[in-house]
Amino acid sequence: VYLPIIVGRLFPFIHDFVVSDNYYAFYLNACDLDMQKFVTEYIPGNTSIAQCIQMKKGKTGRWLLISRNETKEKARFFEVPGYDQFIFHHANMYE
């Protein structure tokens, strides 16, 4: 499956995903990596990588669903209502 996952999103921070009987699901957080801070503070060991991640104010995250079946079904994106959400780990997924 060809996935243009990060078109328009520089750094979606995909850390975890969930699996159901028919889909893989990834949450694309609305955040960016502060590259200057990453290079000048994280690489030398002066900060954690979490401190280099910045939320995109006023932007929403979105879910990416990918079929587990051997069909030609395209990957689907779903916008998430609300702002400033950050999902790091998932519990379960049910259809």
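Residues numbered from 1 in each chain as written. Predicted model: local features only at pLDDT ≥ 70, side-chain atom pairs only at ≥ 80, totals over all residues. Heavy atoms only, no water.

Novice: Can you lay out the sheet that holds strand S6 (residues 76-79) for me, pointing to particular residues and giving the numbers?
Specialist: Two pairing modes exist for strands in a sheet, parallel and antiparallel, and in both the strands are linked by backbone hydrogen bonds. The strand order across the open sheet built from 4 strands is S1-S2-S5-S6, with neighbouring strands paired in antiparallel fashion. Of all strands in the sheet, those with a lone pairing partner are strand S1 (17-19) and S6, marking the two edges. Taken over all neighbouring pairs, the strand axes of this sheet differ in orientation by 20° on average, direction set aside. Of the pairings in the sheet, the one linking strand S5 (residues 62-67) to S6 comprises 4 bridges and is antiparallel in character. Across the sheet, Arg-62 pairs through a bridge with Glu-79, a residue of S6. (Pairing = 2+ DSSP bridges. Helix = DSSP H or I, 4+ residues; strand = E, 2+ residues; numbered from the N terminus. Axes fitted to C-alpha atoms, helices over the stretch in contact; angles between N-to-C directions.)

Novice: Residues and numbers for the environment of Ser-48, please.
Specialist: Locating Ser-48 in the fold gives a position in the loop between helix H1 (35-42) and strand S4 (53-55). Expressed as a C-alpha distance, the spacing of Ser-48 and Phe-38, which sit 10 residues apart in the sequence, is 8.8 Å.

Novice: Report on the side chain of Thr-60, specifying residues and quantitative values.
Specialist: Assignment of secondary structure puts Thr-60 in the loop between S4 and S5. Within the local environment of Thr-60, its side chain forms a polar contact with the side chain of Glu-79, the two groups lying 2.9 Å apart. (Polar contact = N/O pair within 3.5 Å; in protein donor to acceptor, adjacent residues only side chain to side chain.)

Novice: Explain the confidence of the model for the protein chain residue by residue, including any values.
Specialist: When pLDDT is averaged along the protein chain, the result is 80; 85% of the residues meet or exceed 70. The secondary-structure element of the protein chain with the lowest mean pLDDT is strand S3 (residues 31-33), recorded at 83, while H1 shows the highest, at 93. (pLDDT = per-residue confidence, 0-100.)

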